[in-house]
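# Fold and contact review
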Amino acid sequence: MKKSNLITMIISLLAAILLWVYVVTIVNPEGDTTITGIPVSFSGEEVLREDQGLVITEGKDVTVTAHFSGKNSDLKKLEQNQEEIVAVVDVSKVRSAKEYTIAYDLTLPNSVQQSAVTIYDRKPSTVSFTVQRLVSKPVEVVGDFSGVEIADGYMLDSRAFDYETITVEGPEEVVNTIACAQVSMSRTNLDKTVTETLQFTLLDENGEPVDTEMLTTNTDVVEVTLNVIKHKSVPLDVEFIDGGGATAKDVSYEIDPQSITLAGDSTVLDALNKIVLGNIDLASIKNSSEVLLFPIIIPDGAQNVSGEEQATVTIRIKNKETAVIRATNIAFINTPDGFTPSSMTQLVQVTVRASVSDINNISSSSLRVVADMTGCTQAGTYQVPVTVYIDGYPDAGVIGEYSIAVTLTKSEPVGND
């Protein structure tokens, strides 16, 4: 290539560049462009919510398309900053819950003056949206503890939430579908009380999650406490007081229920091997078989899981017989000085219990009725408790309690000869 031709080509290229710069920067011809996906914004939405108690539920996610014409330089700025273009719908005049179709205004980027471009077409030309009434209601908090496994020997005593209800606010149609706020917990081999802070799920009456996009709640989490305590089966028992010709070895007995289940602090339950219902004085058991009722007293720090509040004790006295014997041998002890006692009661019908071999040999002469006059300090008639002794039969005993009527008189002074 000749040097003159190369120079000519360079000059032509420079001329073309200069011409292009001239056309673009000085001549700046008209052009057009189409912007799609322009988002919609609702002006006055906060006022609509706070002053009117209304909320937009549908139509917020729509977009529009606009066709612009103008100088190429302005259209280029428009395209470069199209994320700043917004379709604005004024909802400040909305006063009721229903569907609306309203025209919108397009706001342009700050780099493009409104007068610099012309909007000669927009699709759609209006925006349709739905307004609902804004409501709030308390929703019950419930727990799903199907994933919680309690360790052997322990039980779930109670569960507690720091919020019994959660206040939910949002569109009426959505809020009215909410049945509960559910928290779910999963634990294995749980042997102590635990507290966790958990998120909740709003569920409808079918147990399906509710879309919470347009809802607000007074809290985002719920504190859940599971109170886990120990439980233990504890036998019931009674203790016997020998008397009335019978000892504990002469007794067979049954308790219903035989045991109860207690729950509570492990330090209390570990030290508890049985619950004694009470003491049974065999001297008060008149028949060979009797049924007694006892309240079940639960120790402090424990609770009765079984629920029984009283126990039935059936007592049977073995190899013993009873007989009623007339006691006439009456004596007095501890008579105050200067007084003389006399029994108004001539005989006492005494129920005696003894072995089969002894019962037929015990007679009236074997019995002594002894009245203790302690406390009788003045002349008069008294009902005095007595003790009945069975002489010669150490394994026999008296059933029941007895008393006699006694007259106490002043003794005559002994004269001097």
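Residues numbered from 1 in each chain as written. Predicted model: local features only at pLDDT ≥ 70, side-chain atom pairs only at ≥ 80, totals over all residues. Heavy atoms only, no water.

## Details of helix α3 (residues 72-80)
Just so we agree on the cut-off: In this scheme, a residue with accessible area under 20% of its type's maximum is buried, one over 50% is exposed, and one in between is partly exposed, where area comes from a 1.4 Å probe on protein chains only. Going along the chain from the N terminus, every DSSP run of H or I of four or more residues is numbered as a helix, and every run of E of two or more is numbered as a strand. By construction, the arc corresponds to the directions joining the helix axis to the C-beta atoms.
Along α3, the residues that are buried comprise D74, L75 and L78. Down the axis of α3, the smallest arc covering the buried residues is 100°, so these residues share one side. Exposed and facing more than 90 degrees away from the buried side of α3 are K76 and Q80.

## Details of the pattern of salt bridges
Cut-off, in case you're wondering: Salt bridge criterion: a side-chain nitrogen from Lys or Arg within 4 Å of a carboxyl oxygen from Asp or Glu.
According to the stated counting rule, one finds eight salt bridges in the structure shown. E172 serves as the salt-bridge partner of R133, at 2.7 Å between the closest nitrogen and oxygen. Of this pair, R133 sits in strand β8 (residues 126-150) while E172 is found in helix α4 (residues 172-175), placing the two residues 39 residues apart along the sequence. What makes R133 partly exposed here is its relative accessible area of 44%. The exposure class of E172 is partly exposed, given its relative accessible area of 25%. A salt bridge links D237 to K274, with the shortest nitrogen-to-oxygen separation between them at 3.5 Å. Taken together, the residues D237 in strand β15 (residues 221-241) and K274 in the loop between α5 (266-270) and β18 (275-281) connect sequence positions 37 residues apart. Under the relative-accessibility criterion, K274 is labelled partly exposed at 39%.

## A closer look at the sheet that holds strand β22 (residues 320-327)
The condition is simple: For two strands to be treated as a pair, DSSP must find no fewer than two bridges joining them. Helix axes use the C-alpha atoms of the stretch in contact, all axes being lines fitted to C-alpha atoms, and the angles between their N-to-C directions lie in the range 0 to 180 degrees.
Pairing within the open sheet is antiparallel, and its three strands lie in the order β22-β25-β28. Strands with a single pairing partner mark the edges of an open sheet, and in this sheet they are β22 and β28 (397-399). Across the sheet, the axes of successive neighbouring strands diverge by a mean angle of 40°, strand direction being ignored. Taken together, the eight bridges between β22 and strand β25 (residues 348-355) define a ladder with antiparallel strand orientation. Within β25, the residue paired with A323 across the bridge is V352.

## Thoughts on the sheet that holds strand β1 (residues 30-43)
Quick note on the threshold: Note on contacts: a residue pair qualifies if any of its non-hydrogen atoms lie within 4.5 Å across the two residues.
With mixed pairing, the five strands of this open sheet are ordered in space as β6-β4-β1-β3-β7. In this open sheet, the two edge strands, each paired with only one partner strand, are β6 (105-107) and β7 (117-123). Geometrically, the sheet is characterised by an average inter-axis angle of 40° between neighbouring strands, direction not taken into account. α3 contacts β1, β3 (63-71) and β7 of the sheet and is inclined by roughly 155° relative to β3.

## What about the environment of G307?
Here G307 shows up in the loop between β20 (302-304) and β21 (310-317). In this structure G307 comes out as partly exposed when scored by relative accessible area, which is 46%. Through-space distance from the C-alpha of G307 to that of I229 is 17 Å; in sequence the pair is 78 residues apart.

## With respect to the pairing of strand β4 (residues 86-90)
Along any regular strand, the residues point their side chains to alternate faces of the sheet. Only one face of β4 is covered, namely the one carrying A87 and V89; the face carrying V86, V88 and D90 has none of its residues buried. Inspection of the sheet shows β1 paired to β4 by four bridges, in the parallel sense. Note that in β4 the partner of F42 across the bridge is V89.

## Considering a nonpolar patch on the surface
Here is the rule we go by: The patch calculation keeps residues exceeding 30% relative accessible area without a salt bridge and links them within 9 Å when they carry like charges or within 5 Å when they are nonpolar (Val, Leu, Ile, Met, Phe, Trp, Tyr). All accessible-area figures derive from a Shrake-Rupley calculation using a 1.4 Å probe, and residue coverage is judged against the displayed protein chains alone.
A cluster of nonpolar side chains, namely I10, L13, L14 and I17, defines an oily patch on the protein surface of about 390 Å² accessible area. Mapped onto the elements, I17 comes out in helix α1 (residues 3-27). For I17, a relative accessible area of 43% corresponds to the partly exposed category.

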